[in-house]
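Read off the chains here:
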Amino acid sequence: MPTAARQANIKIVLVNTAHPGNIGGAARAMKNMGLAELCLVEPREYPAPRAVWRSAGARDILSNATVVGSVDEAIADCSLVVGTSARERRIPWPLVNPRECGEKIWQEAEHHKIALLFGREDRGLTNDELQKCHYHVHIPSNPEYSSLNLATAVQVLAYEIRMASLAYENGALPELSQWDQPLATSEDLEHFHTHLSETMATLNFYDPDNPKQLLTRLRRLFNRTRMDEMEVSILRGLLSAVQRKIK
Ligand code: SAH
C-alpha cells in the first residue's frame, strides 16, 4: 500500500484540549512527520487565532481537522486504538513503548484505521477513555517530572511513526501477515460490550449499581484478543440466544 494511503489511516485524536496553541502545535508536529488526519474531541476553545498561528505552515491540517462530540465518535471506524499516558494507572493495560507504537501503527495502517489518543493538559485521558484502547503508550520521561507538553508528546510519537515508515521503505520493517476477516471496529466493540453487560445484568451475574472492576476486566480481556468482525458477530449471536432463553 502506498505511503499516503497508510498516512490517511492514522488519526491523531486530541481530547478536550484547553489551549488552542497546543492544537496548532500538534498540527505542525504532524505535518513535519507526514501525518494529516487530525480529529478534535470537544476542544474547549476552537477555532482560535492562536491555533492557526502556532500551526505555522500546517494550516491545511487545521482546516481539514474534524471536530466531534465524543471519543466514541472519533474512534468509531478504528480497529486499533492507542491511548497515551503520562503516568502509571491503577489497572495495568497492555503497554507498548514509543518505538513499538510507531511500528505497530505503521504496520496495521495497511489494513485499517487507527486512532492515537491524547488527553487533556490538566488531567490526561479518563479511565473510561483509556479502557477503550488496545494499548497504552508512555514516553519514558523523567519520573520526577513525567508530563510533556501536549504538542511535544504528539511530536515524539509522530516521529516514531515517521521512523517506522522509513524503516518500512528500507525493507527493515516487515509487513503484517494477512488475516482472513477484517478486525472489528471500536463501534462494533462498543455494541458488543453493551450487549454483554445487559445480558450479564439480566442474568444477575453482576449488579449494574455495583459493578466493581468486572466490566473493566472484560474490556481488557476482549481488547487483548483483537477480535475480528466474524468473531464479534458470533458472540453477539450467542448473547442474543441467551437473552431469548431467559425471557
Ligand atoms: N496531568 C496529566 C498530564 C497530561 S499531559 C496526567 O497526569 O495525565 C497532556 C497529554 O500529553 C497526555 O494526556 C498525553 O496525551 C500526553 N503526554 C504527556 N506526557 C506524556 C508521556 N510521558 N507519555 C505519553 N504521553 C504523554
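(A) A look at the domain arrangement of the chain. What the domain assignment reports for the chain is domain 1 (3–169) and domain 2 (186–246). Placing the centre of domain 1 and that of domain 2 at their C-alpha centroids yields a distance of 28 Å. Domain 1 puts 19 residues into the contact, and the matching count from domain 2 is 11 residues. Taking both sides of the interface into account, the surface hidden between domain 1 and domain 2 amounts to around 1,200 Å²; carbon and sulfur atoms contribute 48%.

(B) Summary view of the packing of helix α6 (residues 98–108) against helix α8 (residues 150–169). Relative to each other, α6 and α8 sit at 55°, their axes nearing to 8 Å. By the angle between their axes, α6 is oblique relative to α8. The element α6 and its partner α8 pack so that their crossing is right-handed. Side by side, α6 and α8 meet where P98, R99, G102, E103, I105 and W106 of the first sit next to L157, E160, I161, A164, S165 and Y168 of the second. Here the contact of α6 with α8 is composed, by residue class, of seven nonpolar, two polar and three charged.

(C) Structural detail: the site of the ligand. The local shell around the ligand holds 21 residues, among which T84, R87, G119, I139 and L148 are the closest. R87 places a polar side-chain atom, nitrogen or oxygen, 2.6 Å from an oxygen atom of the ligand. Tallied by class, residues from the shell around the ligand come to seven nonpolar, eight polar and six charged.

(D) Representation of the nonpolar core. Ranked by size, the top nonpolar core spans 39 residues in total, and within it I12, L14, L38, I105, L116 and F118 carry the most contacts. At eight residues, α8 tops the list of elements feeding residues into this core. Counting 15 residues, the second largest nonpolar core, distinct from the first, contains V15, V71, C78 and L125.

(E) Spatial organisation of the packing of aromatic side chains. Applying the stated criterion to the full structure yields one aromatic pair. Each ring, one from F192 and one from F222, has its centre 4.9 Å from the other, and the planes form 80°; the classification is edge-to-face. Highlighted residues: F192 in helix α9 (residues 186–202) and F222 in helix α10 (residues 214–225), separated in sequence by 30 residues. Accessibility assignment for this pair places F192 and F222 in one class, buried.

(F) Examining the side chain of H195 more closely. Structurally, the position occupied by H195 is in helix α9. A polar contact is formed between the side chain of H195 and the side chain of R236, at a distance of 2.9 Å. Look past the residues within four positions of H195 in its chain and what remains in contact with it is R236, L239, S240 and Q243.

(G) Structural context of the pattern of salt bridges. Counting across every chain of the model gives 12 salt bridges. One continuous salt-bridge network, built from bridges that share partners, spans D72, K132, E190 and R219.

(H) Here's a closer look at the side chain of H112. Among the secondary structure elements, H112 is positioned in the loop between α6 and β6 (113–118). Of the polar contacts made by the side chain of H112, one reaches the side chain of E108; its length is 2.7 Å. Beyond its immediate chain neighbours, meaning those up to four positions away, H112 contacts N9, S79, L80, L183 and R226.

(I) Focus on α8. Look at α8: 29 Å from first C-alpha to last across 20 residues, which is about the 28 Å you get at 1.5 Å a residue. By the burial criterion, the buried members of α8 are L150, A151, A153, V154, L157, A158, E160, I161, A164, S165 and Y168. Remark: G171 follows α8 within two positions and exhibits a positive phi of approximately 80°.

(J) Summary view of the sheet that holds strand β1 (residues 10–15). A sheet is described by the order of its strands in space; here seven strands give the open sequence β3-β2-β1-β6-β4-β7-β5, paired in parallel fashion. A single partner strand is all that each edge strand has here, and the edge strands are β3 (66–68) and β5 (95–96). Note that β5 and strand β7 (residues 135–137) share two bridges and pair parallel. Directly across from V96, in β7, lies its bridge partner V137.

Criteria and thresholds
- Residues numbered from 1 in each chain as written.
- Predicted model: local features only at pLDDT ≥ 70, side-chain atom pairs only at ≥ 80, totals over all residues.
- Heavy atoms only, no water.
- Domains from an automatic or database assignment.
- Contact = heavy atoms within 4.5 Å.
- Buried area = accessible area lost by both parts, 1.4 Å probe.
- Axes fitted to C-alpha atoms, helices over the stretch in contact; angles between N-to-C directions.
- Helix = DSSP H or I, 4+ residues; strand = E, 2+ residues; numbered from the N terminus.
- Parallel < 35°, antiparallel > 145°, perpendicular 65-115°, else oblique.
- Left-handed = near helix turned anticlockwise from the far one by under 90°.
- Nonpolar A, V, L, I, M, F, W, Y, C, P; charged D, E, K, R; others polar.
- Near = heavy atom within 4 Å.
- Polar contact = N/O pair within 3.5 Å; in protein donor to acceptor, adjacent residues only side chain to side chain.
- Core = buried A, V, L, I, M, F, W, Y, C linked by side-chain atoms within 4.5 Å.
- Buried < 20%, exposed > 50% of the residue type's maximum accessible area, 1.4 Å probe, protein only.
- Phe/Tyr/Trp six-rings, centres within 6.5 Å; stacked < 30°, edge-to-face > 60°.
- Salt bridge = Lys/Arg side-chain N within 4 Å of Asp/Glu carboxyl O.
- Expected span 1.5 Å × (residues − 1).
- Pairing = 2+ DSSP bridges.

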